2 protein chains.
Amino acid sequence: MTPNISAAKAALSHLDMEENPATVRNKSRDFFWYSPVLKAELDHLEADFVINPKTEEEIIEILKVCYAHDVPVTMRGGGTGNYGQAIPLAGGCVIHTTQMNKVKEIGAGYVVVEPGAIIKEMDAEIKEKSGQELRMFPSTYAQASIGGFVAGGSGGVGSANWGALRDLGNINRLRVVTMEEEPRILEFTGEELHRVSHAYGTNGIITEIELPLAPAYEWVEMFVRFDTFRAATEFSGALTSEPGILIKLASVYAAPIAHSFFQRVKPYVTENDHLVGVMVAPHNMDGFMTLLGRHDDGDVIYRSDDLQWARSPGPMYEFGWNHTTLRALKFNKGLTYLQVRYGGDVDKVVEAYETFKGKLHMHLEVMREGNGLSFAGLPIVEPMNKDELDQLVADHEAMECMIFNPHRYTLEEGGRQSTDKRQIDFKREADPKGLLNPGKMIAWDEPDFDYADMYSYKGMRPKPEATE
Amino acid sequence: MTPNISAAKAALSHLDMEENPATVRNKSRDFFWYSPVLKAELDHLEADFVINPKTEEEIIEILKVCYAHDVPVTMRGGGTGNYGQAIPLAGGCVIHTTQMNKVKEIGAGYVVVEPGAIIKEMDAEIKEKSGQELRMFPSTYAQASIGGFVAGGSGGVGSANWGALRDLGNINRLRVVTMEEEPRILEFTGEELHRVSHAYGTNGIITEIELPLAPAYEWVEMFVRFDTFRAATEFSGALTSEPGILIKLASVYAAPIAHSFFQRVKPYVTENDHLVGVMVAPHNMDGFMTLLGRHDDGDVIYRSDDLQWARSPGPMYEFGWNHTTLRALKFNKGLTYLQVRYGGDVDKVVEAYETFKGKLHMHLEVMREGNGLSFAGLPIVEPMNKDELDQLVADHEAMECMIFNPHRYTLEEGGRQSTDKRQIDFKREADPKGLLNPGKMIAWDEPDFDYADMYSYKGMRPKPEATE
Ligand SMILES: Cc1cc2nc3c(=O)[nH]c(=O)nc-3n(C[C@H](O)[C@H](O)[C@H](O)COP(=O)(O)OP(=O)(O)OC[C@H]3O[C@@H](n4cnc5c(N)ncnc54)[C@H](O)[C@@H]3O)c2cc1C
Ligand SMILES: Cc1cc2nc3c(=O)[nH]c(=O)nc-3n(C[C@H](O)[C@H](O)[C@H](O)COP(=O)(O)OP(=O)(O)OC[C@H]3O[C@@H](n4cnc5c(N)ncnc54)[C@H](O)[C@@H]3O)c2cc1C
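Residues numbered from 1 in each chain as written. Chains lettered and ligands numbered in written order. Predicted model: local features only at pLDDT ≥ 70, side-chain atom pairs only at ≥ 80, totals over all residues. Heavy atoms only, no water.

Focus on the overall build of chain A
Formally: Helix and strand definitions follow DSSP, with helices as H or I runs of at least four residues and strands as E runs of at least two, each counted in order from the N terminus. We take the radius of gyration over the C-alpha atoms and set the globule estimate at 2.2 Å times the residue count to the 0.38 power. Contacts were defined at the residue level, with two residues in contact if any of their heavy atoms lie within 4.5 Å.
A count of helical and extended segments in chain A gives 16 helices and 21 strands. Its C-alpha atoms give chain A a radius of gyration of 22 Å, near enough to 23 Å, the size a compact globule of 468 residues would have. Taken along the three principal axes of its C-alpha coordinates, chain A extends 70 × 55 × 40 Å. Taking all contacts inside chain A whose residues are at least 6 apart in sequence as the whole, residues at least 24 apart take part in 72%.

Focus on the pattern of salt bridges
Threshold: A pair is scored as a salt bridge if a Lys or Arg side-chain nitrogen falls within 4 Å of a carboxyl oxygen belonging to Asp or Glu. Accessible area is worked out with a 1.4 Å probe on protein chains only. A residue is then buried under 20% of its type maximum, exposed over 50%, and partly exposed in between.
Applying the stated criterion across every chain yields a total of 78 salt bridges over all chains. Here Lys39(B) and Asp43(B) are joined by a salt bridge, their closest N and O atoms 3.6 Å apart. A relative accessible area of 36% means that Lys39(B) is categorised as partly exposed. Of the charged contacts, one joins Lys386(B) and Asp453(B) as a salt bridge, the two residues approaching to 3.9 Å between their closest N and O atoms. With a gap of 67 residues between them, Lys386(B) in helix α14 (residues 386-398) and Asp453(B) in the segment after α16 (442-445) connect regions that are remote in the sequence. For Lys386(B), a relative accessible area of 30% translates into the label partly exposed. Since its relative accessible area comes to 49%, Asp453(B) is described here as partly exposed. Connected via shared salt-bridge partners are Glu56(A), Lys104(A), Arg173(A), Arg175(A), Glu187(A), Glu208(A) and Glu210(A).

Notes on helix α5 (residues 119-130) of chain A
Residue and element names in this part refer to chain A. Cut-off, in case you're wondering: Here, expected helix span is obtained from the residue count minus one, scaled by 1.5 Å. Working definition: the arc comes from the directions between the helix axis and the C-beta atoms, pointing outward to the latter.
In a regular helix each residue adds 1.5 Å, so twelve residues correspond to 16 Å; α5 covers 16 Å between its end C-alpha atoms and thus fits that length. Taken as a whole, α5 has its buried residues at Ile-119, Met-122, Asp-123 and Ile-126. Buried residues along α5 cover an arc of 100° about the axis, so they all sit on one side. In α5, those exposed residues whose orientation departs by more than 90 degrees from the buried face are Glu-121, Glu-128 and Lys-129.

Quick word on the confidence of the model for chain A
Note the following rule: pLDDT expresses how confident the predictor is about each individual residue, on a scale running from 0 to 100.
Averaged over every residue, the pLDDT of chain A is 95; residues scoring 70 or more account for 99%. The complex prediction reports pTM at 0.96, with the ipTM value standing at 0.96.

Points about the environment of Met367(A)
Residue and element names in this part refer to chain A. Along the chain, Met-367 turns up in strand β18 (residues 363-368). Looking at Met-367, the relative accessible area reads 3%, which means it is buried. Through-space distance from the C-alpha of Met-367 to that of Arg-461 is 39 Å; in sequence the pair is 94 residues apart. In this view, Met-367 contacts Ser-159, Ala-160, Gly-163, Ala-164, Trp-321, Arg-341, Leu-373, Ser-374 and Ala-376; residues no more than four positions away in its chain are not counted.

Things to note about the sheet that holds strand β14 (residues 299-303) of chain A
All names here are of chain A. Put simply, the rule is: Should DSSP find at least two bridges between two strands, the strands are regarded as paired. Fitting a line to C-alpha atoms yields each axis, with helices limited to the stretch in contact; the angle taken between N-to-C directions then spans 0 to 180 degrees.
In space, the eight strands of this open sheet follow the order β14-β11-β13-β12-β18-β19-β16-β21, with antiparallel pairing throughout. Of all the strands in the sheet, just β14 and β21 (402-403) have a single pairing partner and so form its edges. The sheet contact formed by strand β11 (residues 220-226) and β14 spans four bridges and is antiparallel. Within the sheet, the bridge partner assigned to Arg-225 lies in β14 and is Asp-299. Helix-sheet contacts for helix α9 (residues 229-241) involve β11, β12 (247-253), β13 (274-280), β18 and β19 (373-377), and the interaxial angle to β12 is about 165°. Sheet strands in contact with helix α11 (residues 285-294) are β11, β13 and β14, and its direction is about 5° off that of β11.

Quick look at the domain arrangement of chain A
All names here are of chain A. We apply this condition: Throughout the structure description, domain borders are defined by an automatic or database domain assignment. Buried area is a sum: the accessible area each of two parts loses on coming together, probed at 1.4 Å, counted once for each and added. Within 3.5 Å is the distance limit for a polar contact, defined as a pair of N or O atoms, with the added protein rule that one can donate a hydrogen and the other accept it, and that residues adjacent in sequence qualify only through two side-chain atoms.
Segmenting chain A into domains produces domain 1 (1-215 + 412-458) and domain 2 (220-403). Every contact between the two is made by 34 residues of domain 1 and, on the other side, 30 residues of domain 2. Buried surface at the junction of domain 1 and domain 2, both sides included, amounts to about 2,400 Å², of which 56% is carbon and sulfur. Its largest share of buried area at the contact with domain 2, domain 1 owes to Tyr-34, Ser-139 and Ala-160, together 29% of the area lost on that side. Counting across the interface, domain 1 meets domain 2 through eleven residue pairs in polar contact (both at pLDDT 80 or more). Elements that contribute at least two residues to the side of domain 1 that touches domain 2 include exactly α3 (36-42), β7 (132-134) and α7 (159-162). When residues of the side of domain 1 that touches domain 2 are assigned to their parent elements, the largest contribution, three residues, is made by α7.

Printed below as a string of structure tokens:
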């Protein structure tokens, strides 16, 4: 099955196609370089051509043509994925959704939108038109597309209240186009949503999304300082556990993260200060301050609604989630990170904090989860090589901390290291030639893979002759 | 300290005073008769006169005059309290807040209101003016005042999401007038709220209330049928545990409650059907139906947005909370009830269900509580005498199910059987003569009371000579 690139390009030449090599290279890359491991593996890859469709019909046309000519197709929204999700491992066509960005309908509690809408822009439109906002968004709010979030993300700012993106009720409907001789248009709800949500576009193209909304508030953003990591963690958990205090974000930054990496915060903290970053509904500030009063050693050092600092630190969401690592990387390119699930037990988090001192700087995001809460860790990891990093992952797993390994480019390794039957079953139906984002779903290529070491996709375009 | 009733009446005669004996008797009574025990104790009691103030100034005037003449003062809103909260044990003056019912301010996420506003009416005004609604209300929505709810209630429809009324963030501010020679006006927030919230008006008069709001939705009301009590309970817990499915109510009615006591539901259920009653946000119906699909044996037999029955059963909130008992009482005046806290463990609830079969019909309300949820029980109890009822309470306590005894008229016995230091401390300050709703706070009259048997207030007006 050799792709006939030139035939596909010729057939699609009437569409908005990018061929400028710098643009093609740019649009073939995402935030994979966040990981030194992925950087080494994926840096050479790029698509053969990029198309910016304007409509679902154009997408169908692209899929039909690429199917006929065996050309791989990889979707791209904002290109902010940090697992290399949007990198075309086998080249081919990249479909950039940037021009499919319309907000189609806003109702009480929901929105219908095209996949290429930049989250911050669509949220502003929703807010202006209806006083509502998205329940949750990634910290890449300003750059990421809503389609990329649904296909490649997991949660973010808002998960402190609403849980993860995959939790029931956080996506209402997805419209999906298949990659067959005659592409079909399907509407998914309920259990079917999980076929294509967080599937990296390996088994269908999302062309329309219906999401629930929440009321928009002027969230009060604050940094709260604590003397100890335990006190900061306990407070963040207690806050998330209060049913009557509406919050959107509760992040914990162990010392010295704020002092070392948060430039505009640095003047107001010492190396020993642990911070909690929060977004609280303005009408619940009384409840918030009351709860804080019960945790004696916490001080609010910054409040967005009462700025005492020389300069605003900027939006709180650009400190949390993966942005913490991004800020650290600006100071030291050698740093990296992990994604860990500790569960709801503060003692376990503190144990991990003590155990890995020196190797990592603890950063937590608190999420509501089922009948309780969960601490999601996105610790900043000191410079280390791949073997040391693998060892660190193994040490976490030995402590029963689940790792979503951000140094892997497959769905399975970045997730629960197991096959999602719904996703593979649907890929069989919707992408019989295996042309959608090839190499990202291990179960498709090597069902018996055992996860002992990093998966290496055989169809990946080889590196050019090394010059060093 | 003998009250000088006639002097007080004379001094207040320019206000809107009720003296018609039938009206005075009516306005001296609440839903105490729900309990056969309270019915026997309190049936003879009434105030000497009732005043309907229009303003805070008039309230201050009443308090000043009654203070001068040692006249007890008991507040009354809707008079729906079921613990005899609003009954003037020592006679005196009843202040009926009915004319202080203005919605003073509506903002993004909050409302400021006078205490006498009927909850349903104020909620309609808030909804119309701002698209918002109260976070929670008692099932007496249509009759109860917001001041009576804050001073005498504990939670209700909405607690499935927002927790109890006493949870941080569910009341923002209370304005309170004291009963001293010169009444003071105080504004309470934070920890101070608990001085007067749920204090039955024993230590201050609430004249203004600021509450948080939530967005108003066209909640989808449903009855879901299950074969077993365990399955119904598990589903109600699972539903309340889903962070992404927004609900307002999740009630469990063990068989045969619906068949025996829910007249308009009866044609659609058998004696063996267990029901779950819910209110779900319309934009989360997909998530709801998906979750239900995972609990195989649940069927939706009624949906408010798709009525298949000959007659609508009426609003879902008038089935839940204390309304379940009210419906049962309409069929059998001998029935009574309990208020139990089981915590979050389904096994414990099912154990209680098995243990007390024959003695009570299980009815649960699920509430979010701290880092999890709690099953609040309001079981319907088969006719029994006071000793049997005391035994039933003792049996529950032996199983470590906390009882809020609704067959007692004091704050302590209806609550956690212990002194609330904040309430008694504030009473010392705000009501030095002990004239506010006398007899309701044991700690004031008999600090050493041991709770072994029912408290009997010595200042209670004696029963008239028995004629039988
Ligand atoms: C600094 C930083 C912070 C981040 N914070 C978060 C966070 O808080 N939470 C979080 O979940 N993630 C986070 N991420 C990861 C990423 O930004 C988010 O998942 C983001 O939502 C991806 O959106 P995007 O438009 O950039 O997607 P892209 O990177 O363009 O694509 C992501 C994946 O989705 C696929 N895809 C895109 N569009 C479609 C479509 N229409 N149909 C089918 N498949 C499609 C792509 O092929 C790719 O596999 C972060 C990353 C960085 C670098
Ligand atoms: C069928 C039924 C269902 C119920 N359901 C619920 C429920 O779901 N949740 C719940 O919490 N309760 C419930 N209750 C109890 C009661 O209805 C509620 O607590 C209700 O909110 C009381 O409001 P009200 O205006 O009727 O108060 P009232 O009965 O008039 O007063 C209640 C108490 O508050 C005091 N008070 C009233 N106004 C003031 C004021 N301005 N300042 C100071 N003190 C004041 C009174 O003195 C009294 O002690 C129920 C009762 C019944 C009979």
